[in-house]
Amino acid sequence: MPLEKIGGQVFDIAQEKPTDVWEVEALYDLCFAPGREALSSYRLRDNVQRVPELCLTARDGDGILAGAIRFWPILVGNAPALLLGPVAVHPTRQGEGLGGILMRASLGRTDELGWPRVMLVGDYPYYSRFGFEKLTGVEMPPPTNPDRVLGIGDWDGITGQVRKWGSKLI
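Small disclaimer: the values here were computed from a predicted structure and weren't measured.

Q: Just checking my understanding: could you explain the overall build of the protein for this structure?
A: Counting secondary structure elements, the protein contains four helices and ten strands. Sequence-ordered secondary structure for the protein, helices as α and strands as β, is β-β-α-α-β-β-β-α-β-α-β-β-β-β. In terms of C-alpha radius of gyration, the protein reaches 16 Å, essentially the compact-globule figure of 15 Å for 170 residues. Across its three principal directions, the C-alpha atoms of the protein cover 50 × 30 × 25 Å.

In structure tokens, the structure reads:
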């Protein structure tokens, strides 16, 4: 992936490597509240392999991790989809546009990799700038505020419960 320049600083945007895992997890711990792994979206990720081609890191010129984004396969009803998240930018780098770079770089590849739809749980005012819309008829496991269930891509006719990848419809 190309280098990205923000305000005179160059960032290397690259696919997350196995050796990045502990740093990425530490970044998520820093950026999100304690207990983040108790959220329903984490239950959908338990023992499921990430989509590696879409999981990206951003490192500054000194090689310090500044941001990361991950994607996970899920099912909505019987339709495959991606669950975006977490995406995080180090607090010292927030507000510089790095999160947007990670979002655009990864979302720009979902179709070519065969994933026509992406969803996330987040703030509509922030994610709408990337094209996300509120989803109706898509049911995240509780406790999830339905107003925070957002999607981008081909959601025509896709409704139902969001389930863990590989789970069977009851």
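Q: Explain the pairing of strand E3 (residues 56-59) to me, please; I cannot follow it from the model alone.
A: Both faces of the sheet carry side chains from a regular strand, because those side chains alternate between them. What you see with E3 is no split at all: Leu56 and Ala58 on one side and Thr57 and Arg59 on the other are buried throughout. Sheet topology note: the strand E2 (residues 9-15)/E3 ladder contains four bridges and is antiparallel. Paired with Ala14 across the two strands is Thr57, which belongs to E3. As defined by bridge partners, E3 adjoins strand E4 (residues 65-76) across four bridges and the pair is classed as antiparallel. Along E4, the bridge assignment pairs Leu56 with Ile69. A loop of five residues connects E3 with E4, the two strands running antiparallel in sequence, and Gly63 in this loop sits at a positive phi of about 85°.

Q: Would you mind showing me how to read the packing of aromatic side chains here?
A: The geometry of an aromatic ring pair is captured by the separation of the ring centres together with the interplanar angle, meaning the angle of the planes. What the rule picks out here adds up to five aromatic pairs. Look at Tyr28 and Phe32: their rings are 6.1 Å apart centre to centre, the planes differ by 45°, and that puts the pair in the tilted class. By relative accessible area, Phe32 is classed as partly exposed at 31%. One aromatic cluster is present, formed by Tyr126, Tyr127, Phe130 and Phe132 through successive ring pairs.

Calculation rules
- All residue numbers refer to position in the chain's written sequence, counted from 1.
- The predicted origin of the model limits local features to residues at a pLDDT of at least 70 and limits the giving and counting of side-chain atom pairs to 80 or more, whereas totals for whole chains, interfaces and linings rest on all residues.
- Water and hydrogen atoms were dropped before computing side-chain values, which therefore reflect all heavy atoms in the structure.
- Think of it this way: any DSSP run of H or I at least four residues long counts as a helix, any run of E at least two long counts as a strand, and we number them from the N terminus.
- Atoms counted for the radius of gyration: C-alpha only. Globule rule: 2.2 Å times residue count to the power 0.38.
- Buried means the residue's accessible area, taken with a 1.4 Å probe over protein chains only, is under 20% of the maximum for its type, while exposed means over 50%, and partly exposed covers the values in between.
- Any two strands with at least two DSSP-identified bridges between them are counted as paired.
- Side-chain rings of Phe, Tyr and Trp, where Trp is taken by its six-membered ring, are said to pair if the distance between their centres is within 6.5 Å; with planes under 30 degrees apart they count as stacked, over 60 as edge-to-face, and otherwise as tilted.

Purely geometric stuff here, so don't read any function into it on its own.
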